[in-house]
Amino acid sequence: MAEVLVLAEHADGEVKKVTLELLTAAKRLGSPSVVWTGPGADAGAARLGEYGAEKVYVADSPDFSGYVVAPAAELLASLVADKAPAAVLVAGTTEGKEIAGRLAIKTGSGVLTDAVNVVAGDDGAPVAEQPNFGGAITVHSVVRQGTPIIAVRPNAISPEAAAGAAAVEAVSFAASDAAKAAAVTERVVAEKGERPDLTEAQIVVSGGRGTGSEEGFKIIEKLADALGAAVGASRAVTDAGWYPHQFQVGQTGKTVSPQLYMAVGISGAIQHRAGMQTSKTIVAINKDPEAPIFEFADYGLVGDLFNVVPQLTDEVEKRKG
Ligand SMILES: Cc1cc2nc3c(=O)[nH]c(=O)nc-3n(C[C@H](O)[C@H](O)[C@H](O)COP(=O)(O)OP(=O)(O)OC[C@H]3O[C@@H](n4cnc5c(N)ncnc54)[C@H](O)[C@@H]3O)c2cc1C
């Protein structure tokens, strides 16, 4: 069976969930081999094996943390030349998409981004499902040139356990001078707090202009904390300075795909929809029954959010006991 390369996302030896999602997709296409950059592979390999990784190529070089994304693209390009895989899957994160683009140039291959599913086509080649125009159209795409490179949205595929051998194989790697052109000079750890990461959270509660002010937006945080959810915001909110830009959901913000997305006081503009359309269940709370968000929400509640949300928060707290 042809190898399918999966670029691992990891931090402190912990395999990120999106990597397990990629392995689940890779298993449908062939024999998954994980590409691990930097240290920590020994701790991560067992977990990768539980989700079907047959091999783990480990390039334990300081170049991956010392420089930006170019070394990872270079490593993948050399593995593509060496192993002739059936496909390369990367996480559809900002970094992952940049690596995918660079790898496509290096290998003369086609690249598909923002895939929400990947399956084997009739000829065995990967077919990626991509939502377009804010989710109004879904296309199924194949790569016709080179090695298919696919960036898959985090949270879009449910990880499925499947035993694999996860044999660790060291790969020697030294980044070229060209890949060292942009070096990392400082790392600042973003304040994370207690809430889950926006792009990885199972539940996201987002607030819009309907919250009225920075003070009004706090109602969103309270509901999110009761649900153990991440907080998101529309651009109207982040542009007004009521909540930081890093939490903006939409075309020019983050793309999320949680199990539950709650849009509170958000109208549902196409640019917002583009970032949350693939959420499994969408609940909208809006005082305007004609708000566009109700056209694609699974559940809608027409009402004043300042009346509805505190009751909802209390009810959630009560049920949690
Ligand atoms: C190039 C471009 C990129 C963009 N990118 C993004 C993006 O990434 N993300 C994004 O979100 N937007 C983006 N936008 C902006 C987008 O077009 C909308 O302007 C924005 O999403 C609107 O935010 P909103 O829904 O919070 O505000 P509004 O559209 O003003 O909607 C507020 C809603 O709150 C409701 N409401 C008001 N008071 C209450 C209340 N008390 N109780 C309940 N409901 C209430 C109203 O009925 C209304 O539906 C982009 C626009 C452009 C041009």
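This structure is a prediction, so every number in the text was calculated from the model and none was measured.

Right, let's talk about the sheet that holds strand S15 (residues 260-264) for a bit. Strand-to-strand pairing in sheets goes through backbone hydrogen bonds, with the strands running parallel or antiparallel. The sheet built from 5 strands is open, its strands ordered S14-S13-S15-S16-S17 with parallel pairing. Across the chains shown, the open sheet's two edge strands, defined by having one partner strand only, are strand S14 (230-233) and strand S17 (299-302). The sheet shows a mean angle of 15° between the axes of neighbouring strands, taken without regard to direction. Running over the sheet, helix H6 (residues 214-227) touches strand S13 (203-207), S14 and S15 and is turned about 170° from S13. The sheet contacts of helix H10 (residues 305-320) involve S15, strand S16 (281-286) and S17, and relative to S16 the element is tilted by about 130°.

Bringing the pattern of salt bridges into the picture now. Counted under the stated rule, the structure contains 14 salt bridges. Residue aspartate 82 is joined to lysine 83 by a salt bridge in which the shortest nitrogen-to-oxygen separation is 3.6 Å. Between arginine 153 and aspartate 114 there is a salt bridge, with the nearest N and O atoms lying 3.5 Å from each other. One end of the pair, arginine 153, is in the loop between strand S11 (149-152) and strand S12 (167-170); the other, aspartate 114, is in strand S7 (residues 111-115), with 39 residues separating them in the sequence. Among the charged side chains, a network of salt bridges with common partners joins Lys97, Asp114 and Arg153.

So, on to the site of the ligand. The local shell around the ligand holds 25 residues, among which Arg209, Ser234, Thr252, Ser267 and Asn286 are the closest. Within the backbone of arginine 235, a nitrogen or oxygen atom sits 2.9 Å from an oxygen atom of the ligand. Tallied by class, the residues present in the shell around the ligand amount to 6 nonpolar, 14 polar and 5 charged.

Let's shift gears to the domain arrangement of the protein chain. Under the domain assignment, the protein chain is made up of domain 1 (3-180) and domain 2 (203-320). The interface of domain 1 with domain 2 comprises 9 residues on the first partner and 9 residues on the second. When domain 1 packs against domain 2, close to 690 Å² is buried across both sides, 53% of that on carbon and sulfur atoms. Summed over the shared surface of domain 1 and domain 2, the result is 0 salt bridges. Summed over the shared surface of domain 1 and domain 2, the number is 2 residue pairs in polar contact (both at pLDDT 80 or more). In terms of residue class, the side of domain 1 that touches domain 2 is built from 5 nonpolar, 3 polar and 1 charged.

A separate point is the packing of aromatic side chains. On inspection of all chains with the given rule, the structure shows 3 aromatic pairs. Judged by centre distance (5.2 Å) and plane angle (55°), the ring pair of tyrosine 243 and phenylalanine 247 falls under tilted. Clustering of aromatic rings is evident, with ring pairs tying together Phe217, Tyr243 and Phe247. If you follow arginine 273 out to its NZ or CZ, it ends over the ring of phenylalanine 296, 4.3 Å from the centre.

By the secondary structure assignment, asparagine 286 is in strand S16. At a separation of 3.1 Å, a polar atom in the side chain of asparagine 286 contacts the main-chain carbonyl oxygen of isoleucine 266. A polar side-chain atom of asparagine 286 sits 2.9 Å from the main-chain amide nitrogen of aspartate 288. Apart from the residues lying within four places of it in its own chain, the contact partners of asparagine 286 are Gly265, Ile266, Ser267, Ala291, Ile293, Phe294, Leu301, Val302 and Gly303.

Conventions used here
- Residues numbered from 1 in each chain as written.
- Predicted model: local features only at pLDDT ≥ 70, side-chain atom pairs only at ≥ 80, totals over all residues.
- Heavy atoms only, no water.
- Pairing = 2+ DSSP bridges.
- Helix = DSSP H or I, 4+ residues; strand = E, 2+ residues; numbered from the N terminus.
- Axes fitted to C-alpha atoms, helices over the stretch in contact; angles between N-to-C directions.
- Contact = heavy atoms within 4.5 Å.
- Salt bridge = Lys/Arg side-chain N within 4 Å of Asp/Glu carboxyl O.
- Near = heavy atom within 4 Å.
- Polar contact = N/O pair within 3.5 Å; in protein donor to acceptor, adjacent residues only side chain to side chain.
- Nonpolar A, V, L, I, M, F, W, Y, C, P; charged D, E, K, R; others polar.
- Domains from an automatic or database assignment.
- Buried area = accessible area lost by both parts, 1.4 Å probe.
- Phe/Tyr/Trp six-rings, centres within 6.5 Å; stacked < 30°, edge-to-face > 60°.
- Lys NZ or Arg CZ within 6 Å of the ring centre and 35° of its normal.

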